[in-house]
Amino acid sequence: MTGDYPEVLIAEARYGFINGALKEAIVDKINNETSLSDRVDRIVINKVLGLPIFILIMWIMFQVVFKLGNYPVEWLTSGLNRFSGFLNASIPDSLLKSLLLNGIIGGVGGILVFTPKIMLLFIFIAILEDSGYMSRGAFIMDRIMHKIGLHGKSFIPFIIGFGCTIPAYMCGRTLENKSDRMITMHVNTFMSCGGRLPVYILFAGIFFPKNAGNIIFSLYIIGILMAVAMAKLLRVTRFKGEAEPFVMELPSYRLPTLKGVFIHMWERTWQYIKKAGTIILALSVIMWVLFTFPMIGSKYSQNYSEQIKTLNSSYYYKSITADTFEKEIQKIKNKMSVEKIEYSAAGRIGHFIEPVFKPLGFDWRLSLASLTGIAGKEVVVSTIGTLFSLAGPQNNNTEYGSLIDEAYNPLIGYNFMLFTLLYFPCVASLAVFKKEAGIKEMIFQIFFTLSLAWIVSFVFYQTGRWFI
Amino acid sequence: MPKEFTIALAGSPNSGKTTIFNSITGSRQHVGNYPGVTVEQKSGLKKYKDYLINLVDLPGTYSLTAYSMEEVVARDYILNNKPEIILNIVDSSNLERNLYLATQLIELETPLIIVFNMSDVLLKAKEKVDIEMLSSLFGAPVVLTVGSKSRGIEELLGKAVELFEKTQERKKIIINYGEEIENEIYKIKKLLKNSNELLCKFNLRWLAVKILEQDKEVLIYLKKTLNVGEFLDLSNFINIQ
């Protein structure tokens, strides 16, 4: 609890309910003397200005989160680099070292460095919630939501979904009508959750370094639009009926307390860190095992050791410069690493599923990352981290950005984010979905989001190819 | 034989509750006490079409918490006597404050009619008042009256009979208390789920909200009803807050 007594929160919610109902049904005469809160509302929930203001505030939020959040993320990244560089130099080569550097630090560390940005986003959301503005957002959306056959009440789970989809699914309980609840839950998936954010941060940072904030904002918007469109689709196909009007609570504005904002932010951030330290740690170890075994041994396609020997002797006899020598050796080592991974279980799985993802522009690595994303979207980042840090120069485990940049283009990068956005968030969310809505709806959710993600990414990629 | 049913009038002290009561019953009134307390109970009879309506005037309250004797009496009457219809008389010139009681009656899932009394003032002050929308949002019919001029009383009785005849078709309204409180409500409901007696008598959501409000009467009642282990679980839970 945030220090407020439950009685106070309950009373506030009741007044918010009354205020919302009265605002919806009663139109004041202009020039009436009103309270400050009412005067602010006259602008903020205005029929014309309300939506642009809402979008502007969201846009500012993402700009600040991305730009301001960059600094601490950079510090953490360079700190992590130095740390793994130190470990690399001080531990002799062994399987254990590979597990520590490529598996655990590459996987978990790669996610933890994003914590400052996640924190900033949650601070913003907490301020917007505690000040009472989020309810206004839902109130504004109510009008739009009615057009698609939902009401603004569904928007509250949507907003919570920006943090994590699991509490958002549970929040769907406040919707009494079963059709409304089902539609809200099914499309809640398209709200970019905290787990998807690291994927966006990574890819937007690599492919669109100049306007990463805008790119990420665009994904959030696409998610919302997709939710709107799919809600309409589900309303006219699977869940027929009209949405009844409901009260959109409008609590009075108030100054958020530092303590309240901090507690709200920390609760959610802690969830993120905890997930990284438990589920994702375990998955990173499993992924590492899949990436390492079976070992290639001497079954390389070319005789690399012979090539290295030749290079060594040419260098010895000074027929090539030291510079060329270094480059050539690195090239061979990279080739060897790639073959090593391709030979491993993970590599084989990636290649096996690659044909499905080929039309979307994904190679076997991105295909594999998407597959592991089923466990949780953060895992996408750690998979890619492991893939590229294993393949990269051994002394630079976390700076794999340039490798990814070389391997793909912005179109594929954006398409990958789009695909990540559209399929269901994680296994844990599916478990909650089943609990709240039953197994039938859960299975529908899986196929619905996977096929939608595939179709949208397919169209996007195939169209995009014409322009570049 | 006329059909008989009871209407209870609830509302804040200056909502014009008594005026409405008088203009419905006329002179057929009876003044007594609520059992065990010195709070006055006024009741009266009204013949309307084929119905014989027993009208009970509840003590004037702004809320249904356990802070005052009046509130406890009004609440106990509603919970124990289960009147067929509750009229919540509301002072239209001060809607925000007066509708607080309505939110609690909605939560109790009582068959409710919200009466906007002194509505002439409201209609004059506002550009537009959408009664249909209000009824739909509150999940209860809203009727405009002017008690002092006996305006709207016929419509009010008509609505009461309508509601009495089809009580099961009411729309269920849930007041959303926000993520934190909702989570607590969910946990408390889970704790109480196994207690059959409570399930029959009360709406569990309402009970959970009352527990979170630390309502004295409700806590005393629970202490009597639940077995020791269950009550300990519950009180531990509340103390954590």
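Our structure is the block above this text.
Residues numbered from 1 in each chain as written. Chains lettered and ligands numbered in written order. Predicted model: local features only at pLDDT ≥ 70, side-chain atom pairs only at ≥ 80, totals over all residues. Heavy atoms only, no water.

1. What about the overall build of chain B?
1) Next: Secondary structure assignment for chain B yields 11 helices and 8 strands.
2) Next: The C-alpha radius of gyration computed for chain B amounts to 19 Å, which stays within 12% of the reference 18 Å derived for 241 residues, consistent with globular compactness.
3) Next: For chain B, the spread of C-alpha atoms along the three principal axes comes to 55 × 45 × 30 Å.
4) Next: Sequence-distant contacts in chain B: of pairs separated by 6 or more residues, those separated by 24 or more amount to 65%.
5) Next: As displayed, chain B has an accessible area near 11,200 Å², and 50% of this comes from carbon and sulfur atoms.
6) Next: One way to put it: in chain B the 30 positive side-chain charges average out to a point 2 Å from where the 31 negative ones average out. (Helix = DSSP H or I, 4+ residues; strand = E, 2+ residues; numbered from the N terminus. Rg over C-alpha atoms; globule rule 2.2 N^0.38 Å. Contact = heavy atoms within 4.5 Å. Areas by Shrake-Rupley, 256 points an atom, 1.4 Å probe, with all protein chains shown as cover. Lys, Arg positive; Asp, Glu negative; His and termini not counted. Charge placed at Lys NZ, Arg CZ, Asp CG, Glu CD.)

2. Topic: the interface of chain A and chain B
Many structure descriptions define interface size as the accessible area lost when the parts assemble.
1) Next: Between chain A and chain B, the contact holds 37 residues from the first and 38 residues from the second.
2) Next: Across the chain A to chain B interface the summed buried area is about 3,700 Å²; carbon plus sulfur atoms make up 64%.
3) Next: The tally of links from chain A across to chain B stands at 2 salt bridges.
4) Next: At the junction of chain A with chain B, the criterion picks out 8 residue pairs in polar contact (both at pLDDT 80 or more).
5) Next: When residues of the side of chain A that touches chain B are assigned to their parent elements, the largest contribution, 14 residues, is made by helix H1 (residues 6-25) of chain A.
6) Next: Considering only residue class, the side of chain A that touches chain B consists of 20 nonpolar, 4 polar and 13 charged.
7) Next: In the sheet, strand S1 (residues 26-28) of chain A pairs with strand S7 (residues 126-129) of chain B via 3 bridges, with the strands oriented antiparallel. For Asp28(A), the partnering residue across the bridge sits in S7(B) and is Lys126(B). (Buried area = accessible area lost by both parts, 1.4 Å probe. Salt bridge = Lys/Arg side-chain N within 4 Å of Asp/Glu carboxyl O. Polar contact = N/O pair within 3.5 Å; in protein donor to acceptor, adjacent residues only side chain to side chain. Nonpolar A, V, L, I, M, F, W, Y, C, P; charged D, E, K, R; others polar. Pairing = 2+ DSSP bridges.)

3. What to know about the nonpolar core
Residues and elements named next belong to chain A.
1) Next: If you look at the biggest cluster of nonpolar residues, it comprises 117 residues, and the most contacted ones within it are Phe 190, Phe 203, Ile 216, Ile 384, Ile 404, Phe 416 and Met 417.
2) Next: Here the element with the most residues in this core is helix H11 (residues 212-237); it accounts for 13 residues.
3) Next: With sequence-adjacent residues up to four places away left out, Phe 190 is seen in contact with Gly 223, Ile 224, Met 226, Ala 227, Met 230, Leu 421, Leu 422, Phe 448, Thr 449 and Leu 452. (Core = buried A, V, L, I, M, F, W, Y, C linked by side-chain atoms within 4.5 Å. Buried < 20%, exposed > 50% of the residue type's maximum accessible area, 1.4 Å probe, protein only.)

4. Some words on the pairing of strand S6 (residues 112-117) of chain B
All names here are of chain B.
1) Next: Burial analysis of S6 places 6 of its 6 residues in the buried class, which makes it a mostly covered element.
2) Next: Along S6, one buried face is formed by Leu 112, Ile 114 and Phe 116 and the opposite face, lined by Ile 113, Val 115 and Asn 117, is buried too.
3) Next: Bridge count between strand S5 (residues 85-91) and S6: 6 bridges; the pairing is parallel. Within S6, the residue paired with Ile 86 across the bridge is Leu 112.
4) Next: As a crossover connection, the stretch from S5 through helix H3 (residues 95-107) into S6 is right-handed.
5) Next: Bridging between S6 and strand S8 (residues 142-144) involves 3 bridges; their strand directions are parallel. Bridge assignment links Val 115 to a residue of S8, and that residue is Val 143. (Right-handed = clockwise from strand over helix to strand, strands pointing away.)

5. Notes on the packing of H1(A) against helix H5 (residues 131-138) of chain B
1) Next: Two elements in contact, H1(A) and H5(B), have axes whose closest approach is 9 Å; the angle formed by their N-to-C orientations is 150°. Taken as axis vectors, H1(A) and H5(B) run roughly antiparallel relative to one another. Crossing geometry of H1(A) relative to H5(B) is assigned as right-handed. Of the residues in H5(B), those in contact with Phe17(A), Ala21(A), Leu22(A), Glu24(A) and Ala25(A) of H1(A) are Met133(B), Leu134(B), Leu137(B) and Phe138(B).
2) Next: Residue composition of the contact of H1(A) with H5(B), grouped by class: 8 nonpolar, no polar and 1 charged. (Axes fitted to C-alpha atoms, helices over the stretch in contact; angles between N-to-C directions. Parallel < 35°, antiparallel > 145°, perpendicular 65-115°, else oblique. Left-handed = near helix turned anticlockwise from the far one by under 90°.)

6. So, the packing of aromatic side chains
All names here are of chain A.
1) Next: Inspection of the entire model under this criterion finds 28 aromatic pairs over all chains.
2) Next: Note on Phe 362 and Phe 416: the rings are 5.3 Å apart at their centroids and 75° apart in plane angle, and the pair reads as edge-to-face. Of this pair, Phe 362 sits in the loop between helix H16 (345-357) and helix H17 (364-372) while Phe 416 sits in helix H20 (residues 410-422), and the two are 54 residues apart along the sequence.
3) Next: Taking relative accessible area as the criterion, Phe 416 reaches 0% and is therefore assigned buried.
4) Next: Against the face of Phe 444 rests Arg 238, its NZ or CZ located 4.0 Å from the ring centre. (Phe/Tyr/Trp six-rings, centres within 6.5 Å; stacked < 30°, edge-to-face > 60°. Lys NZ or Arg CZ within 6 Å of the ring centre and 35° of its normal.)

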